[in-house]
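So you can see what is in the structure, the chains are spelled out below.
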Amino acid sequence: MLRNGSSGQEVEKLQRGLKYIGFKPGPIDGIFGPKTDAAVRAFQEHAKLAVDGIVGPKTLGALQKALDDMARKTQKQVTSASSSGSYMPPEQYMSKDDDDKRK
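Residues numbered from 1 in each chain as written. Predicted model: local features only at pLDDT ≥ 70, side-chain atom pairs only at ≥ 80, totals over all residues. Heavy atoms only, no water.

Novice: Could you give an account of the overall build of the protein chain, with specific residues and numbers?
Specialist: Within the protein chain, the regular secondary structure consists of four helices and zero strands. Across the protein chain, helices and strands are ordered from the amino to the carboxyl terminus as α-α-α-α. Here the protein chain holds 103 residues, and 27% of them are scored as buried. Put simply, 37% of the contacts in the protein chain that link residues at least 6 apart link residues at least 24 apart. Accessible area of the protein chain: about 7,100 Å², with a carbon and sulfur share of 55%. (Helix = DSSP H or I, 4+ residues; strand = E, 2+ residues; numbered from the N terminus. Buried < 20%, exposed > 50% of the residue type's maximum accessible area, 1.4 Å probe, protein only. Contact = heavy atoms within 4.5 Å. Areas by Shrake-Rupley, 256 points an atom, 1.4 Å probe, with all protein chains shown as cover.)

So this is what it looks like as structure tokens:
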């Protein structure tokens with residue numbers, strides 16, 4: 001379980017997942033602080049889960065489902081865009097912050 005005060009790679013993965021689906025966990029730094037807590041609570045409310053800020057099995061399952069849904073939606077868009085000639089590779093629209101993380 002992850003909660004306010006947790007830290008490490010699992011928190012960083014959580015933050016990346018929340019950001020990917022449109023919630024704002026603050027910096028992707030592996031520290032479960034107030035912004036990550038607020039993003040988790042907003043996600044829990046959105047997913048109609050108990051809003052407690054604790055990332056346990058139900059929250060993780062709902063987050064994984066949301067990520068899978070987003071990935072399917074993105075894949076459809078990429079497939080559609082590439083067939084229409086308007087596909088832009090990810091490196092063309094990544095932010096500088098994301099680019100720095102890859103180095």
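Text resumes after the structure shown.
Novice: Account for the nonpolar core, naming residues and giving values.
Specialist: In terms of nonpolar packing, the biggest core is built from 14 residues, with Leu-14, Leu-18, Phe-32, Phe-43 and Leu-63 touching the most fellow members. Mapped by element, the contributors of at least two residues to this core are helix H1 (9-20), helix H2 (34-46) and helix H3 (57-84). Leave out the neighbours within four places in its chain, and Leu-14 touches Leu-2, Phe-32, Thr-36, Val-40, Val-55 and Leu-63. (Core = buried A, V, L, I, M, F, W, Y, C linked by side-chain atoms within 4.5 Å.)

Novice: Requested: an account of the packing of aromatic side chains, with residues and values cited.
Specialist: Given two aromatic rings, one states the distance between the centres and the angle between the planes to describe the pair. Counting across every chain of the model gives one aromatic pair. Measuring from ring centre to ring centre gives 5.6 Å for Phe-23 and Phe-43, while their planes differ by 90°; the resulting arrangement is edge-to-face. On the criterion of sequence distance, the pair formed by Phe-23 in the loop between H1 and H2 and Phe-43 in helix H2 is long-range, its members being 20 residues apart. You can call Phe-23 buried: its relative accessible area is 17%. According to the relative accessible area criterion, Phe-43 is buried, its value standing at 3%. (Phe/Tyr/Trp six-rings, centres within 6.5 Å; stacked < 30°, edge-to-face > 60°.)

Novice: Describe in detail the packing of H1 against H2, supporting the description with residues and values.
Specialist: One way to put it is that H1 packs onto H2 with a least axis distance of 11 Å and a crossing angle of 55°. Between H1 and H2, the interaxial angle falls into the category oblique. Handedness of the H1/H2 crossing: left-handed. On H2, the residues touching Leu-14, Gln-15 and Leu-18 of H1 are Thr-36, Ala-39, Val-40 and Phe-43. In terms of residue class, the contact of H1 with H2 is made up of five nonpolar, two polar and no charged. (Axes fitted to C-alpha atoms, helices over the stretch in contact; angles between N-to-C directions. Parallel < 35°, antiparallel > 145°, perpendicular 65-115°, else oblique. Left-handed = near helix turned anticlockwise from the far one by under 90°. Nonpolar A, V, L, I, M, F, W, Y, C, P; charged D, E, K, R; others polar.)

Novice: How would you explain H1 if you had to name every residue and give the values?
Specialist: Helical periodicity: at 3.6 residues per turn, an α-helix aligns residues three or four positions apart in one direction. When the terminal C-alpha atoms of H1 are compared, their 16 Å separation across twelve residues agrees well with the 16 Å that a helix rising 1.5 Å per residue should span. If you check which residues of H1 are buried, you get Val-11, Leu-14, Gln-15, Gly-17 and Leu-18. Along the axis of H1, the buried positions cluster into a sector of 165°, meaning they face one direction only. Those residues of H1 that are exposed and aimed more than 90 degrees away from the buried face are Gln-9 and Lys-13. Backbone geometry just after H1 places Gly-22 at a positive phi near 105°. (Expected span 1.5 Å × (residues − 1). Arc of directions from axis to C-beta.)

Novice: Mind laying out the pattern of salt bridges, listing which residues take part and the relevant values?
Specialist: Across all of its chains, the model carries five salt bridges by this definition. Among the salt bridges present, the one from Glu-12 reaches Arg-16, with a minimum N-O distance of 3.1 Å. Taken together, the residues span about one helical turn, with Glu-12 and Arg-16 both in helix H1 at a distance of four residues. Salt-bridge contacts for Asp-69 lead to Arg-72; the nearest nitrogen and oxygen are separated by 2.5 Å. Separated by three residues within a single helix, Asp-69 and Arg-72 lie in helix H3, roughly one turn from each other. Exposure remark for Asp-69: the relative accessible area of 32% places this residue in the partly exposed category. One network of salt bridges, in which partners are shared, links Lys-65, Asp-69 and Arg-72. (Salt bridge = Lys/Arg side-chain N within 4 Å of Asp/Glu carboxyl O.)

Purely geometric numbers; function is a separate question.
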